[in-house]
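As a plain string of letters, each chain reads:
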Amino acid sequence: MATLKDIKLRIRSVKSTQQITKAMKMVSASKMKRAEDRIKQARPYADKLRQIVGNLAEGLEQDGHPLLAKHGEGKTLILLITTDRGLCGGLNANLNKAVNRLAEHRTKLGEEIEIIAIGKKGHEFFKKLDISISKVVRDQRESDTAKALDEIMRELIQDYEKGAYAKLFIAYNHFKNVISQEQIIQQVLPLEPPQEETKEKAEQMEFLLEPGKTEILNKILPQYIENQAFTALLDNFACEHAARMTAMDGATKNAGEMISSLTLQYNRARQAAITTELTEIISGAQSV
Amino acid sequence: MAKLHLEIVTPERKVLETDADYITLPGELGELGVLPSHLPLLTSIGSGVLSFSKGGVKTRYAWHYGFAEVHRDQITVLAKLVEQGKAIDMDRAREAKRRAEEELRVLDRNEEQRQAKLEAKLLRSLSRIEAGRILQ
């Protein structure tokens, strides 16, 4: 049986772990708040852009713009957004698995899959598998990641216009609320024009377009796609912190339970030691 | 008189939401003024100065690449980058302009991509200077 000292040491170590998890939880909580605010602030831009693209692209034929055109055969790219750091529960693992399922399914259908890994966790997972990874962005600050992503999206859009690949998906975690995140794998290219609500449609009028429809589409569609990736990234940041907060909250609670059961054990052992000592003294006294 | 309602948003945040009497936009085909009851309009915009006046006070923004939508006296401006004229560091802007010009001068003819990039840079610094100028 563990000695008193052993148990005491154990309790102390669990306590210090608990302090760390508690601190991490609080840090994540404040980071999550900030990430959530950023999403909220980015929303007006994304909404407006979607509305404009929806209005513009309506009634537009598939061949109306290179980004709307379907290429048929060709590679499928998956832009996988994960976190750089762990300790956030099953957030990355779930997303990686979902992407892997999709990749396997598509490979069976004879498509070639390529992954673009944003974030270390996704890169690490797919490195071990038999799937090619064309680009990696990892271990960067959040703002630098956003910049790198911007650059990558620009290249991807150009490549698509040249016909270098057939489809582009974005995989990320969507922030539903603090306790639930949802894995999303969304097709970005070829672009499917967003469907506008009927209410908006009724208000819609003929817009004067300057310089012309094609020129505006040429500018706004890439912008729209880049923005989708950008919001996905923001979404994933918020998820990361939310998931970490929940995970650390759980860890803190578990540590608390462990401490109380260890304390109980400690007290029992202490009581047993006292009893043994007493019996020894009494039996010693009797024998004299 | 009816008022225009102006909203400036960037990918990061909503920069400004205000009423205005008159707005000028740096449209791609040239400067463009908007008064209340303007026709619905959607335009793409290069680099330049956006200004609006409200009760006789003029405010200027340096503005780089985006779109403007005019719809029922509601103007929404989407821009990748917006800076308020007052907040612009003129020395830095001038310095950037000088550097861009310098690099353009020594540039090889066949480096098209780089040239485009530098020209964009130069334009950016020019609109910055323009936006910051009058208020100083």
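Given the structure is predicted, the values throughout are model-derived calculations rather than measurements.

It is worth spelling out the packing of helix α1 (residues 4-57) of chain A against helix α6 (residues 213-287) of chain A at this point. Residues and elements named next belong to chain A. Running from N to C, α1 and α6 point in directions that differ by 160°, and their axes come no closer than 6 Å. Considered as vectors, α1 and α6 are oriented roughly antiparallel to each other. By crossing handedness, the relation of α1 to α6 is classed as left-handed.

A separate point is the pattern of salt bridges. All names here are of chain A. This structure, assessed with the given rule, holds 23 salt bridges over all chains. Across the salt bridge formed by Glu114 and Lys75, the nearest N and O atoms sit 3.3 Å from each other. Of this pair, Glu114 sits in strand β2 (residues 113-118) while Lys75 sits in the loop between α1 and β1 (76-81), and the two are 39 residues apart along the sequence. Glu114 sits in the buried class, given a relative accessible area of 13%. Relative accessible area serves as the criterion here: at 25%, Lys75 is assigned to the partly exposed category. Linking Arg138 and Glu124 is a salt bridge whose minimum nitrogen-to-oxygen distance equals 3.2 Å. Note that Arg138 is positioned in the loop between β3 (132-137) and α4 (142-162) and Glu124 in helix α3 (residues 120-127), a separation of 14 residues in sequence. On the basis of relative accessible area, Glu124 is assigned to the partly exposed category, the value being 26%.

All names here are of chain B. With 16 residues, helix α1 (residues 90-105) should cover 22 Å at 1.5 Å per step; its first-to-last C-alpha distance of 23 Å lies within 8% of that length. Looking only at α1, the buried set comprises Met90, Ala93 and Ala100. Looking down the long axis of α1, one finds its buried residues gathered within 95° of arc, a one-sided arrangement. Exposed side of α1, more than 90 degrees from the buried face: Asp91, Arg92 and Arg105 are the residues found there.

The subject of this paragraph is the side chain of Ser53 of chain B. Residues and elements named next belong to chain B. Here Ser53 shows up in strand β5 (residues 41-54). Ser53 sits in the buried class, given a relative accessible area of 15%. Not counting the four nearest positions on each side in its chain, Ser53 is found in contact with Ala20, Asp21, Tyr22 and Lys58.

To continue, consider the confidence of the model for chain B. Any region with low pLDDT has predicted coordinates that should not be read closely. Residues and elements named next belong to chain B. Put simply, chain B has an average pLDDT of 79, and 94% of its residues get 70 or more. Strand β1 (residues 4-9) holds the highest mean pLDDT among the elements of chain B, 88, whereas helix α2 (residues 112-133) holds the lowest, 75. Here the prediction assigns the complex a pTM of 0.82, and the interface score ipTM is 0.76.

Turning our eyes to something else, we now look at the interface of chain B and chain A. Counting residues at the interface gives 24 residues for chain B and 27 residues for chain A. Summed over both partners, the interface of chain B with chain A comes to about 2400 Å²; 65% of that surface belongs to carbon and sulfur atoms. Our count for the chain B to chain A interface comes out at three salt bridges. For the pair chain B and chain A, the number of links is two residue pairs in polar contact (both at pLDDT 80 or more). Of all the secondary-structure elements, those providing two or more residues to the side of chain B that touches chain A are β5, β6 (57-71) and β7 (74-84) of chain B. A breakdown of the residues in the side of chain B that touches chain A according to their chemical character gives 12 nonpolar, five polar and seven charged.

Basis of the calculations
Residues numbered from 1 in each chain as written. Chains lettered and ligands numbered in written order. Predicted model: local features only at pLDDT ≥ 70, side-chain atom pairs only at ≥ 80, totals over all residues. Heavy atoms only, no water. Axes fitted to C-alpha atoms, helices over the stretch in contact; angles between N-to-C directions. Helix = DSSP H or I, 4+ residues; strand = E, 2+ residues; numbered from the N terminus. Parallel < 35°, antiparallel > 145°, perpendicular 65-115°, else oblique. Left-handed = near helix turned anticlockwise from the far one by under 90°. Salt bridge = Lys/Arg side-chain N within 4 Å of Asp/Glu carboxyl O. Buried < 20%, exposed > 50% of the residue type's maximum accessible area, 1.4 Å probe, protein only. Expected span 1.5 Å × (residues − 1). Arc of directions from axis to C-beta. Contact = heavy atoms within 4.5 Å. pLDDT = per-residue confidence, 0-100. Buried area = accessible area lost by both parts, 1.4 Å probe. Polar contact = N/O pair within 3.5 Å; in protein donor to acceptor, adjacent residues only side chain to side chain. Nonpolar A, V, L, I, M, F, W, Y, C, P; charged D, E, K, R; others polar.

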